[in-house]
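The primary structure of each chain is shown beneath.
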Amino acid sequence: MSKSLKYTLYGILILDIIGILLSVPFSSTLLMDNLEHLRMSYLVSQGYVPYRDFFEHHHPLLWYMFAPFMKILPHNIITVLFIARFSALIARVIMFYFIYLIFKRFFGDGTLILYFMLIVFSFYPIWYGFSYFKPDVFELLFFFIGLYLFFMYMHSLKIIYLIASALCFMVSFLFLQTAIFSILPLSVILIYFAKKNPKVTADILIASVLPILILSGIALYMYENEVIRRYYDLNWTFNRNIFDLCDDFIDFSSVIPYYIVQLFMGIVSLMWVIKKDRDNKYVQTVGLLYIFSIAEHTFFVTTNAHYLILTLIYCSMIIAPVMKQIFCSVKKQSKNRAVFYIFSYLFVYIIFNFTGLWLWNNNELFRNRKIFSNYDKSPIVNIDNTYKFIWNKHVSYYEMRNTLHKVDDYLFHTHPEYDINEQIKQYKPEYLEYDVTLAQKHQRYKIKNGRFEISLKNLQEYEQIYPNLWRRKDTFSQ
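Note that the structure is predicted; figures quoted are calculated from it, not measured.

## Examining the packing of aromatic side chains
Inference 1: Inspection of every chain in the model, using the stated rule, returns 45 aromatic pairs.
Inference 2: Seen in terms of ring centroids, Tyr97 and Tyr100 are 6.2 Å apart; in terms of plane orientation they differ by 35°. Their pairing is tilted. Remark: Tyr100 and Tyr97 occur in helix α4 (residues 77–106); sequence separation between them is 3 residues, near one turn of the helix.
Inference 3: With centroids separated by 5.7 Å and ring planes inclined at 65°, the aromatic side chains of Phe327 and Phe343 adopt a geometry described as edge-to-face. Here Phe327, found in helix α15 (residues 309–329), pairs with Phe343, found in helix α16 (residues 332–359); they are 16 residues apart in sequence, far enough to count as distant. Here Phe327 matches Phe343 in class, with each residue buried.
Inference 4: Lying across the ring of Phe476, Arg471 places its NZ or CZ 5.0 Å from the centre.

Written out as structure tokens, the structure reads:
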């Protein structure tokens with residue numbers, strides 16, 4: 001590769017990294033999700049038990065991990081958000097390090113990480129997903145550590161690697177339940193190895209002991225805290241029905257078509273790589289995971305682009321060897337054409353990503369940080385989760401979006417006494433978070449339930465001061 005090509009690639013990569021670093025303070029894509037998990041971490045730090053004391057539909061390890069920090073960090077939303085996002089950034093960097101190790105030790109070429117990053121950073125979900133504070137970040141970190149250790153076991157058949165891999169996969173699952181869909185395809189590989197070597201069956205049984213004991217201990221803790229049934233209802237039954245019942249999602253279609261070209265190129269690249277190196281079982285395993293991942297997101301409607309992050313990582317891992325081949329060993333005439341197409345793609349998506357970062361940034365949060373940092377003085381009644389009140393007094397079982405709460409009520413009806421309007425009358429909160437546009441669409445709602453919808457009479461006592469943020473009129477003079 002010529003120096004000019006190499007420096008151009010490094011230049012593009014540097015711009016990508018700058019964009020990702022700017023996303024840490026400025027990206028507001030999924031900001032509400034970040035604040036949601038900070039709020040739940042705070043509730044856990046105060047001794048509340050997920051599912052029993054407050055509504056959630058994710059696995060809880062992130063909240064328990066961050067709860068000790070919520071006890072010592074200042075009640076300043078910018079500070080806490082930056083620390084949380086920085087921890088997510090560090091987790092992503094470590095994850096990329098293990099992907100580099102997979103390239104180096106099992107794909108046979110550590111320099112593939114450069115081409116991998118160029119491709120994967122062309123996807124905007126990677127930009128804003130590189131540092132958002134969500135369980136997904138830590139789930140994928142432990143998944144790729146586990147995958148690296150799994151490859152080490154495939155290479156050496158040393159049981160210690162399988163035990164360590166199983167523990168990492170278990171931790172990944174404890175961060176987010178959807179990890180199970182990433183882990184299960186590896187059973188195909190284990191079955192194949194077990195047929196060739198009886199030792200593998202014994203290793204699988206031994207490696208399963210610690211995860212089973214730990215998960216059993218967690219299940220016992222949940223049983224003692226009376227949350228087993230609610231855990232299953234909210235993490236499995238609820239999530240299975242959410243996209244069919246929740247008002248936020250019923251109009252959403254799959255985002256797969258937006259990435260169909262890249263996903264197709266990943267499949268074509270997979271065929272090329274396997275044909276070129278038929279004996280590389282590690283590449284074949286990543287390919288298997290890629291195919292399973294595409295099938296998963298085809299079968300289950302993928303409403304948001306960040307749900308495709310793992311699929312896009314697999315895709316980029318598979319395309320990376322092909323991209324290197326294009327730059328290093330293709331005939332000159334076709335090489336120039338291919339290089340032109342690749343550079344055009346990378347430059348277009350850099351512009352697209354920086355434009356997206358500029359359009360969806362949280363300047364509103366910075367400009368009004370005093371309000372959002374000091375609203376723990378009086379109870380805040382949750383309506384739509386537009387601005388999460390992290391340190392506010394816990395006054396209700398429901399702490400998220402009422403569109404989600406209605407689904408929970410529809411499916412399980414576990415809190416028939418809940419009424420958002422009665423709460424507003426009782427606590428007279430200074431602020432309400434409320435998206436009036438959702439209320440205007442209520443005629444199209446699948447589930448109509450007035451207990452979860454703010455009444456016009458209550459809203460008349462408030463005045464909108466920011467998008468989706470309302471302040472009680474009699475507090476303006478205070």
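## Remarks on the side chain of Ser396
Inference 1: Inspection of the secondary structure puts Ser396 in the loop between α18 (369–373) and α19 (402–412).
Inference 2: For Ser396, a relative accessible area of 8% translates into the label buried.
Inference 3: A polar atom in the side chain of Ser396 sits 3.1 Å from the backbone nitrogen of Tyr398.
Inference 4: Here Ser396 is in contact with Tyr418 and Gln423, once residues within four sequence places are set aside.

## What about the sheet that holds strand β1 (residues 431–433)?
Inference 1: Read across the open sheet, the 3 strands follow the order β1-β3-β2; overall the sheet is antiparallel. The two strands at the open ends of the sheet, each matched to only one other strand, are β1 and β2 (462–466). Here the average twist between neighbouring strands, direction ignored, is 35°.
Inference 2: Bridge analysis of β1 against strand β3 (residues 469–472) gives 3 bridges, and the strand direction is antiparallel. Paired with Glu433 across the bridge in β3 is Leu469.

## Focus: the nonpolar core
Inference 1: Among the nonpolar cores identified, the biggest contains 155 residues, and Leu38, Ile99, Phe116, Phe121, Phe144, Ile313 and Met317 are the most heavily contacted of them.
Inference 2: Ranked by residue count, the leading element in this core is α4, at 16 residues.
Inference 3: With near-sequence residues (within four places) excluded, Ile99 lies in contact with Ile113, Phe116, Phe144, Ile313 and Met317.

## Considerations on the layout of surface pockets
Inference 1: Computed from the structure, the second largest pocket encloses a volume of approximately 530 Å³.
Inference 2: If you trace the second largest pocket, you find 19 residues lining it, with Ala166, Phe169, Ile183, Ser208 and Pro211 closest to the centre.
Inference 3: Here the lining of the second largest pocket is built from residues that sort into 16 nonpolar, 3 polar and no charged.

## Thoughts on helix α13 (residues 260–276)
Inference 1: Here α13 spans 24 Å end to end across 17 residues, near enough to the 24 Å set by a 1.5 Å rise per residue.
Inference 2: For α13, the full list of buried residues reads Gln262, Leu263, Gly266, Ser269, Leu270 and Val273. The buried residues of α13 occupy an angular sector of 115° when projected down its axis, which confines them to one face. Of the exposed residues in α13, those oriented more than 90 degrees away from the buried face are Val261, Phe264, Met271 and Lys275.

## Some details on the pattern of salt bridges
Inference 1: Enumeration according to the criterion identifies 12 salt bridges in this entry.
Inference 2: Salt-bridge contacts for Asp33 lead to Lys134; the nearest nitrogen and oxygen are separated by 3.2 Å. Residue Asp33 is located in helix α2 (residues 31–45), and its partner Lys134 is located in the loop between α6 (124–129) and α7 (135–156); the two are separated by 101 residues in the primary sequence. The pair Asp33 / Lys134 is uniform in exposure class, with both members buried.
Inference 3: Where Glu422 meets Lys425, a salt bridge forms, and the shortest distance between an N and an O atom there is 3.9 Å.

## Regarding the packing of α13 against α15
Inference 1: It is the contact of α13 with α15, at a shortest axis distance of 8 Å, that shows an interaxial angle of 55°. Considering their axes alone, α13 and α15 lie oblique with respect to each other. The crossing of α13 and α15 is left-handed. Every residue of α15 that contacts α13 at Gln262, Leu263, Met265, Gly266, Ser269, Leu270, Trp272, Val273 and Lys276 is listed here: Thr311, Leu312, Cys315, Ile318, Ile319, Pro321, Val322 and Gln325.
Inference 2: Per-class residue counts for the contact of α13 with α15 are 11 nonpolar, 5 polar and 1 charged.

## Concerning a nonpolar patch on the surface
Inference 1: A cluster of nonpolar side chains, namely Ile260, Val261, Phe264, Met265, Ile267, Val268, Met271 and Ile291, defines an oily patch on the protein surface of about 710 Å² accessible area.
Inference 2: For the nonpolar patch, the element with the most residues is α13, which contributes 7 residues.
Inference 3: Position of Phe264 among the secondary structure elements: in helix α13.

## What to know about α15
Inference 1: The end-to-end C-alpha separation of α15 is 30 Å, in line with the 30 Å expected for 21 residues at 1.5 Å each.
Inference 2: Of all the bends found along α15, the most pronounced is centred on Ile319 and spans about 35°, while Pro321, a proline, follows it within four residues.
Inference 3: Burial analysis of α15 places 17 of its 21 residues in the buried class, the great majority of the element.

Definitions and cut-offs
Residues numbered from 1 in each chain as written. Predicted model: local features only at pLDDT ≥ 70, side-chain atom pairs only at ≥ 80, totals over all residues. Heavy atoms only, no water. Phe/Tyr/Trp six-rings, centres within 6.5 Å; stacked < 30°, edge-to-face > 60°. Helix = DSSP H or I, 4+ residues; strand = E, 2+ residues; numbered from the N terminus. Buried < 20%, exposed > 50% of the residue type's maximum accessible area, 1.4 Å probe, protein only. Lys NZ or Arg CZ within 6 Å of the ring centre and 35° of its normal. Polar contact = N/O pair within 3.5 Å; in protein donor to acceptor, adjacent residues only side chain to side chain. Contact = heavy atoms within 4.5 Å. Pairing = 2+ DSSP bridges. Axes fitted to C-alpha atoms, helices over the stretch in contact; angles between N-to-C directions. Core = buried A, V, L, I, M, F, W, Y, C linked by side-chain atoms within 4.5 Å. 1 Å grid on protein atoms, 1.4 Å probe; cavity = no way out; pocket = protein on both sides within 12 Å on 5 of 7 lines; lining within 4 Å. Points joined across faces, edges and corners; volume = space filled by probe spheres on them. Nonpolar A, V, L, I, M, F, W, Y, C, P; charged D, E, K, R; others polar. Expected span 1.5 Å × (residues − 1). Arc of directions from axis to C-beta. Salt bridge = Lys/Arg side-chain N within 4 Å of Asp/Glu carboxyl O. Parallel < 35°, antiparallel > 145°, perpendicular 65-115°, else oblique. Left-handed = near helix turned anticlockwise from the far one by under 90°. Patch = residues over 30% accessible without salt bridge, like charges linked within 9 Å, V, L, I, M, F, W, Y side chains within 5 Å. Areas by Shrake-Rupley, 256 points an atom, 1.4 Å probe, with all protein chains shown as cover. Bend = angle between axes of the 7 residues up to and from the residue.

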